[in-house]
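So the chains spell out like this:
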Amino acid sequence: MSALTSTKSPAAQAGDSPGRKAPKPKAHWRTRLKRDWPLLLMAAPMMLLVWGFWWIPTLGNVVAFQDYKPFTGGILGSRLVGFTHFQMLLSDPEFLRALVNTLSITAFQLVFYFPVPIALALLLHSLASERLRSMLQSVVYLPYFFSWVLVIAIFQQMLGGAGLLSQVLRANGFEAVDWMTDPDTFILLVTSQAIWKEAGFGAIIFLAALAAIDPNQYEAAAVDGAGRWRRLWHITLPGIRPVIVLLLILRLGDSLNVGFEQFFLQRSAVGSQASEVFDTFVYYSGIRTGDFDYGAAAGLFKGVVGLVLILAANKFAHMLGERGVYSK
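Residues numbered from 1 in each chain as written. Predicted model: local features only at pLDDT ≥ 70, side-chain atom pairs only at ≥ 80, totals over all residues. Heavy atoms only, no water.

- Looking up the protein in an unreviewed UniProt entry gives the name ABC transporter permease, with the organism given as Glycomyces rhizosphaerae.
- Here the protein is described in UniProt, under the heading Subcellular location (unreviewed entry), as follows: "Cell membrane".
- The heading Sequence similarities (unreviewed entry) in the UniProt record of the protein holds the text "Belongs to the binding-protein-dependent transport system permease family." (UniProt positions renumbered as here; feature names shortened; annotations may be inferred.)

Laid out in structure tokens, this is it:
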């Protein structure tokens, strides 16, 4: 009997040990298909949409490495030029100015815009009246559904040379201001526009994270004598920290995408020196002039930099003990 027992393999002995389960064998692909076909059927339309409008068009980035002739050669008939367009980009002063403007606006908004939805969610969550909270949520969500044309028109009526603020200043003997055409304050202008339009909708995610925190923790902390600020610091912020880290990583990855329509509509008012960003550079230097290969190189550069920023930020999140966008 002892001889039979001693002939067991280490894997079998490990499977027989208490508290440890043997690994479950992986089901055959036909079995999984038979089991999961309703889920696959429901996901099929979205997968087709992703493949048709995201993955397959991504193959068109090959024109960034070609002397692309859309009407004579096409993708298959155009001559390869390697990294020539990228060398031209790095020596183009317009591209470098767009890069500096984009990074400056992103860094400024990361400091002054990113915390606003968090603070707004904390304020709404602290309201005791459910009716008042619902009413304020509807008010702060509403600007998100306005187009950028309407948002900029509203700001023009408020902060323009003939706007409400200028009229009030003139009526009281002060000099009028026109912030809509001032390049020096353009970064403040676009940040305030983004906060007014999108901060309310951005607070939804943080409100959902706040709702997931166990209320018993607040009650226990209050019984122990913790005040409002200590409960905020030791319970609320740690409870939503994973969501904050996740959105911060995504924001860093999207740092070169500060928006096209908002800057395109105000470019003529403040000039290209202050308003030229990546998206407007691709339009004016690539699409509008017909240099699709040059514009594709700029867009591919933007995508690669965004990917590197996401990977670096996610690695930093792992160092802090957070899950990040993906885990190892």
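**A closer look at the overall build of the protein**
Move 1: A count of helices and strands for the protein gives 17 helices and two strands.
Move 2: The globule rule puts the C-alpha radius of gyration for 328 residues at 20 Å, and the 28 Å found for the protein is more than 25% above it.
Move 3: When its C-alpha atoms are laid out on the principal axes, the protein stretches across 105 × 70 × 35 Å.
Move 4: By residue count, 30% of the 328 residues in the protein fall in the buried class.
Move 5: Partitioning the contacts of the protein with sequence separation of at least 6, the portion at a separation of at least 24 is 62%.
Move 6: For the protein, the separation between the mean place of its 27 positive charges and that of its 21 negative charges on side chains is 15 Å. (Helix = DSSP H or I, 4+ residues; strand = E, 2+ residues; numbered from the N terminus. Rg over C-alpha atoms; globule rule 2.2 N^0.38 Å. Buried < 20%, exposed > 50% of the residue type's maximum accessible area, 1.4 Å probe, protein only. Contact = heavy atoms within 4.5 Å. Lys, Arg positive; Asp, Glu negative; His and termini not counted. Charge placed at Lys NZ, Arg CZ, Asp CG, Glu CD.)

**Structural notes on the nonpolar core**
Move 1: Among the nonpolar cores identified, the biggest contains 19 residues, and Ile118, Ala121, Leu207, Leu210, Ile213, Ile240 and Ile244 are the most heavily contacted of them.
Move 2: Apart from the residues within four sequence positions on either side, isoleucine 213 is in contact with Tyr218, Ile235, Thr236, Gly239 and Ile240.
Move 3: One finds Leu89, Phe95, Ala298 and Leu300 within the second-largest nonpolar core, a separate group that totals 16 residues. (Core = buried A, V, L, I, M, F, W, Y, C linked by side-chain atoms within 4.5 Å.)

**Regarding the pattern of salt bridges**
Move 1: Counted according to the given criterion, the structure contains seven salt bridges.
Move 2: Across the salt bridge formed by glutamate 130 and arginine 133, the nearest N and O atoms sit 3.7 Å from each other. Pair noted here: glutamate 130 and arginine 133 are both in helix α8 (residues 130-141), with a separation of three residues, about one helical turn.
Move 3: For glutamate 276, the salt bridge is made with arginine 267, and the minimal N-O distance between the two is 3.1 Å.
Move 4: The class for glutamate 276 is buried, based on a relative accessible area of 2%.
Move 5: Here the salt bridges share partners, and the residues they tie into one network are Asp67, Lys69 and Arg79. (Salt bridge = Lys/Arg side-chain N within 4 Å of Asp/Glu carboxyl O.)

**What to know about the UniProt feature "transmembrane region" (unreviewed entry) in the protein**
Move 1: In the UniProt entry, the feature "transmembrane region" (unreviewed entry) is given for residues 37-56, 98-124, 145-166, 186-211, 232-250 and 294-313.
Move 2: The span residues 186-211 carries 100% helix and 0% strand; its end-to-end C-alpha distance comes to 37 Å.

**Concerning the UniProt feature "domain: ABC transmembrane type-1" (unreviewed entry) in the protein**
Move 1: In the numbering used here, UniProt assigns the feature "domain: ABC transmembrane type-1" (unreviewed entry) to residues 99-313.
Move 2: Split by type, residues 99-313 is 76% helix and 0% strand. Its first and last C-alpha atoms lie 20 Å apart.

**Focus on the side chain of lysine 197**
Move 1: With respect to the secondary-structure elements, lysine 197 resides in helix α11 (residues 186-211).
Move 2: Once you skip the residues sitting within four places of it in the chain, lysine 197 turns out to touch Pro143, Tyr144, Phe146, Ser147, Trp148 and Val151.

**Quick notes on the environment of phenylalanine 146**
Move 1: Inspection of the secondary structure assignment puts phenylalanine 146 in the loop between α8 and α9 (148-159).
Move 2: Considered as a pair, phenylalanine 146 and lysine 197 are 51 residues apart in the sequence and their alpha carbons are 7.5 Å apart.
Move 3: Non-local contacts of phenylalanine 146, meaning those with residues more than four positions away in its chain, are made with Val151, Trp196 and Lys197.

**Re the packing of α11 against helix α14 (residues 261-270)**
Move 1: Relative to each other, α11 and α14 sit at 150°, their axes nearing to 12 Å. Compared by their axis directions, α11 and α14 come out roughly antiparallel. For the pair α11 and α14, the sense of crossing is right-handed. Here α11 contributes Phe186, Leu189, Val190, Gln193 and Ala194 to the contact with α14, which in turn contributes Gln262, Phe263, Gln266 and Val270.
Move 2: Among the residues forming the contact of α11 with α14, the class breakdown is six nonpolar, three polar and no charged. (Axes fitted to C-alpha atoms, helices over the stretch in contact; angles between N-to-C directions. Parallel < 35°, antiparallel > 145°, perpendicular 65-115°, else oblique. Left-handed = near helix turned anticlockwise from the far one by under 90°. Nonpolar A, V, L, I, M, F, W, Y, C, P; charged D, E, K, R; others polar.)

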